[in-house]
Number of protein chains: 2
Amino acid sequence: MPPAMNERDNDYLGSLRDYYAEARRIPSYQRICELMGFASKTAAKKLLDRLESAGFVERTPDDDAWMPTMRFFERPLADIAVRAGAPDMIEGTQGELLLIDQYLVRQPSRTVMVPVKGDSMIDAGIHDGDIVVVERAKAAQSGDFVVAIVDDEFTLKELALEKGKFVLKPHNPAYPVIRPQGQLEIYGVVTGLVRRYRG
Amino acid sequence: MPPAMNERDNDYLGSLRDYYAEARRIPSYQRICELMGFASKTAAKKLLDRLESAGFVERTPDDDAWMPTMRFFERPLADIAVRAGAPDMIEGTQGELLLIDQYLVRQPSRTVMVPVKGDSMIDAGIHDGDIVVVERAKAAQSGDFVVAIVDDEFTLKELALEKGKFVLKPHNPAYPVIRPQGQLEIYGVVTGLVRRYRG
DNA sequence: TGACATGGTGTACTCGTGGACACCATCCTA
DNA sequence: TAGGATGGTGTCCACGAGTACACCATGTCA
């Protein structure tokens, strides 16, 4: 992932970001020519090839088109770029309003957001009022955080193995381990979490 | 914007969302045929026309392609209160919806995402590797979590008052309170948090 | 100064894509 | 039970997209 990028390509990248913010796609070679002032589509292709090896774009899984990578949206903030240790930031501007969603949700059709009630997972940094991202029908492994259905209620716990049997382990010493009778009904696996501060 | 959508189109929409999560684009008519099992591209076009009038997709400004709308990214929000034996009702069209980015980001142009380094805020449920949502130029109050710049480095702490002066309080007994000399430089206020589990 | 890497031009070819049109099956309702 | 709205099929067409290739200008470095 060499960030080896010259000034010119950086400007091109900026134009691509602007276009993406409006159209949510990498423009066609022809559109790129218009945007950048190229006279030949080959220049556009070579540009994308360069951006690909720099890690800003990649081909879709079916190799049908270009798509942006996470890096496409990252940028250090200009006025502090000089400072040492400035981390890469993801600046959320208009068209990139979907970044968090894309970061968290892998299988939209199987994904449900579940609000967290109670503090039984407080030691795992999951608070009352947080919202967890749950992927249904995903094979749960020991160690995963899962949403299970116990006594007709949703409950969020860690799935753990105890003497060869699955149990639900809270992350709060005040709560007991749940040892289900018979079959344990898993609603889904927690794949992410969001929290909002200050109304 | 009539959400008037039948069950079938809802499934199609789900497939489109899954495809989009992988390829970051609306598939071509031909790909849609493969995904949905259509035999004719016209069916794909008509499907997108329907989804357009339902408000899930639209044309790009240059009319070159389809792009998803905000609605495309609404995720189902489980109603925890509904405990009784029908958790599958979430699958139904009805139920609450959540736009993750909209939930976390209120001022897109002033908001950046900053990855968390270290565990100085572990007792506040903010872990190494989490991503905090930071709103710049927001008036910070005592008690807010803030990203400050100390010794040319970014640091995430709670803003607190101590003897009438602002200090930066970690949420980890192993770290000391930071008492800045002179002016304290606040980069922004933490308004949200994002975490991902298990690659 | 000479050789090579790099970024851009121009041309030509092919296939995928979107779009139009006629037609068909099914469902719902009057 | 007739009729229309709806969702899907099959076919044809034109254009644009991506790609390959030969070539050129510029900058850089031994």
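**A look at the overall build of chain A**
Right, so step 1: The number of helices and strands found in chain A is 4 helices and 9 strands.
Right, so step 2: Along the chain direction, N to C, the helices and strands of chain A fall in the order α-α-α-β-β-β-α-β-β-β-β-β-β.
Right, so step 3: Among the 199 residues that make up chain A, the fraction classed as buried is 50%.
Right, so step 4: A separation threshold of at least 6 residues defines the contact pool for chain A, and within that pool the share at least 24 residues apart is 46%.
Right, so step 5: Summing over all exposed atoms, chain A offers an accessible surface of approximately 9,700 Å²; the carbon and sulfur share of this is 49%.

**Structural notes on the protein's contact with DNA strand C**
Right, so step 1: Taken together, 17 residues form the shell around DNA strand C, and within it Tyr 12, Thr 42 and Lys 46 of chain A together with Tyr 29 and Lys 41 of chain B come nearest.
Right, so step 2: Between Thr 42 of chain B and DNA strand C, the recorded distance is 3.2 Å, taken from a side-chain N or O atom to a base nitrogen.
Right, so step 3: Among the elements of the structure, helix 1 (7-23) and helix 3 (41-53) of chain A together with helix 2 (29-36) and helix 3 (41-53) of chain B are those that each provide at least two residues to the surface near DNA strand C.
Right, so step 4: If you tally residues by element for the surface near DNA strand C, the top one is helix 3 of chain A, at 4 residues.
Right, so step 5: In terms of residue class, the surface near DNA strand C is built from 5 nonpolar, 6 polar and 6 charged.

**Quick look at the protein's contact with DNA strand D**
Right, so step 1: If you check the shell around DNA strand D, you find 16 residues, and the closest are Lys 41 of chain A together with Tyr 12, Ser 40, Thr 42 and Lys 46 of chain B.
Right, so step 2: Of all atoms in DNA strand D that approach within 4 Å of the protein, 50% are sugar or phosphate atoms.
Right, so step 3: Put simply, the parts of the chain that give the surface near DNA strand D at least two residues each are helix 2 (29-36) and helix 3 of chain A together with helix 1 (7-23) and helix 3 of chain B.
Right, so step 4: Considering every element that reaches the surface near DNA strand D, the biggest residue donor is helix 3 of chain B, with 4 residues.
Right, so step 5: Tallied by class, residues from the surface near DNA strand D come to 5 nonpolar, 6 polar and 5 charged.

**Some remarks on the side chain of Arg 31 of chain A**
Right, so step 1: Inspection of the secondary structure puts Arg 31 of chain A in helix 2.
Right, so step 2: What Arg 31 of chain A contacts, discounting residues up to four positions off in sequence, is Tyr 19 of chain A together with Asp 62 and Asp 64 of chain B.

**Looking at the side chain of Lys 157 of chain A**
All names here are of chain A.
Right, so step 1: Note that Lys 157 resides in strand 7 (residues 153-162).
Right, so step 2: Despite its burial, Lys 157 pairs with no opposite charge; the closest candidate is Asp 119, at 8.8 Å N-O.
Right, so step 3: Within the structure, Lys 157 has its side chain in polar contact with the side chain of Ser 120 (distance 3.2 Å).
Right, so step 4: The residues contacting Lys 157, other than those within four sequence positions of it, are Ser 120, Met 121, Asp 144, Phe 145, Val 146, Leu 168, Lys 169, Pro 170 and Ile 178.

**Quick word on the nonpolar core**
Right, so step 1: Ranked by size, the top nonpolar core spans 43 residues in total, and within it Leu 51 of chain A together with Leu 51 of chain B carry the most contacts.
Right, so step 2: Other than its neighbours up to four places away in sequence, Leu 51 of chain A contacts Met 5, Leu 13, Leu 16, Phe 56 and Val 57 of chain A.
Right, so step 3: The next biggest cluster of nonpolar side chains, apart from the first, holds 35 residues, and it includes Phe 145 and Leu 193 of chain A together with Ala 124 and Ile 149 of chain B.

**As for the pattern of salt bridges**
Right, so step 1: Throughout the structure, instances matching the rule amount to 21 salt bridges over all chains.
Right, so step 2: Here Arg 59 of chain A and Asp 63 of chain A are joined by a salt bridge, their closest N and O atoms 3.0 Å apart.
Right, so step 3: Given a relative accessible area of 28%, Arg 59 of chain A falls into the partly exposed group.
Right, so step 4: The closest approach of N and O atoms between Asp 49 of chain B and Lys 45 of chain B, which form a salt bridge, is 3.8 Å. Separated by 4 residues within a single helix, Asp 49 of chain B and Lys 45 of chain B lie in helix 3, roughly one turn from each other.
Right, so step 5: Classification of Asp 49 of chain B as partly exposed rests on a relative accessible area of 32%.
Right, so step 6: Taking relative accessible area as the criterion, Lys 45 of chain B reaches 40% and is therefore assigned partly exposed.
Right, so step 7: Here the salt bridges do not stand alone but share partners, grouping Arg 25, Arg 31 and Glu 34 of chain A together with Asp 62 and Asp 64 of chain B into one network.

**Side note on the interface of chain A and chain B**
Accessible area lost on assembly of the parts is the figure often given for the size of an interface.
Right, so step 1: With 74 residues of chain A at the contact, the number on the chain B side is 76 residues.
Right, so step 2: Of the roughly 7,000 Å² buried at the junction of chain A and chain B (both faces included), carbon and sulfur atoms supply 56%.
Right, so step 3: In terms of surface lost to chain B, no three residues of chain A exceed Arg 196, Tyr 197 and Arg 198 of chain A, which account for 11% of the buried area on that side.
Right, so step 4: Counting across the chain A and chain B interface gives 9 salt bridges.
Right, so step 5: Residue Asp 101 of chain A is joined to Arg 75 of chain B by a salt bridge in which the shortest nitrogen-to-oxygen separation is 2.6 Å.
Right, so step 6: Counting residues per element, the side of chain A that touches chain B draws most heavily on strand 9 (residues 185-196) of chain A, at 9 residues.

**Topic: the confidence of the model for chain A**
Right, so step 1: Considering every residue of chain A, the mean pLDDT works out to 88; 87% of them sit at 70 or more.
Right, so step 2: Taken as a whole, residues 78-85 of chain A scores under 50 in pLDDT and shows 10 contacts with residues more than four places along the chain or in a different chain.

**Topic: helix 3 of chain B**
Residues and elements named next belong to chain B.
Right, so step 1: Given a rise of 1.5 Å per residue, 13 residues ought to cover 18 Å, and the 19 Å separating the end C-alpha atoms of helix 3 matches this to within 8%.
Right, so step 2: Taken as a whole, helix 3 has its buried residues at Ala 44, Leu 47, Leu 48 and Leu 51. For helix 3, the angular spread of buried residues about the axis comes to 95°, placing them on one side. Opposite the packed face of helix 3, turned more than 90 degrees from it, sit the exposed residues Lys 46 and Ser 53.
Right, so step 3: Those residues of helix 3 that are buried are in contact with helix 1, helix 2, strand 1 (57-59) and strand 2 (66-68).
Right, so step 4: Downstream of helix 3 by a residue or two, Gly 55 has a phi angle that is positive, lying close to 90°.

**Side note on the environment of Ile 100 of chain A**
Residues and elements named next belong to chain A.
Right, so step 1: One can find Ile 100 in helix 4 (residues 99-104).
Right, so step 2: Relative accessible area serves as the criterion here: at 3%, Ile 100 is assigned to the buried category.
Right, so step 3: Residues Ile 100 and Val 194, spaced 94 residues apart in sequence, show a C-alpha to C-alpha distance of 9.4 Å.

Criteria and cut-off values
- Residues numbered from 1 in each chain as written.
- Chains lettered and ligands numbered in written order.
- Predicted model: local features only at pLDDT ≥ 70, side-chain atom pairs only at ≥ 80, totals over all residues.
- Heavy atoms only, no water.
- Helix = DSSP H or I, 4+ residues; strand = E, 2+ residues; numbered from the N terminus.
- Buried < 20%, exposed > 50% of the residue type's maximum accessible area, 1.4 Å probe, protein only.
- Contact = heavy atoms within 4.5 Å.
- Areas by Shrake-Rupley, 256 points an atom, 1.4 Å probe, with all protein chains shown as cover.
- Near = heavy atom within 4 Å.
- Polar contact = N/O pair within 3.5 Å; in protein donor to acceptor, adjacent residues only side chain to side chain.
- Nonpolar A, V, L, I, M, F, W, Y, C, P; charged D, E, K, R; others polar.
- Lys, Arg positive; Asp, Glu negative; His and termini not counted.
- Salt bridge = Lys/Arg side-chain N within 4 Å of Asp/Glu carboxyl O.
- Core = buried A, V, L, I, M, F, W, Y, C linked by side-chain atoms within 4.5 Å.
- Buried area = accessible area lost by both parts, 1.4 Å probe.
- pLDDT = per-residue confidence, 0-100.
- Expected span 1.5 Å × (residues − 1).
- Arc of directions from axis to C-beta.

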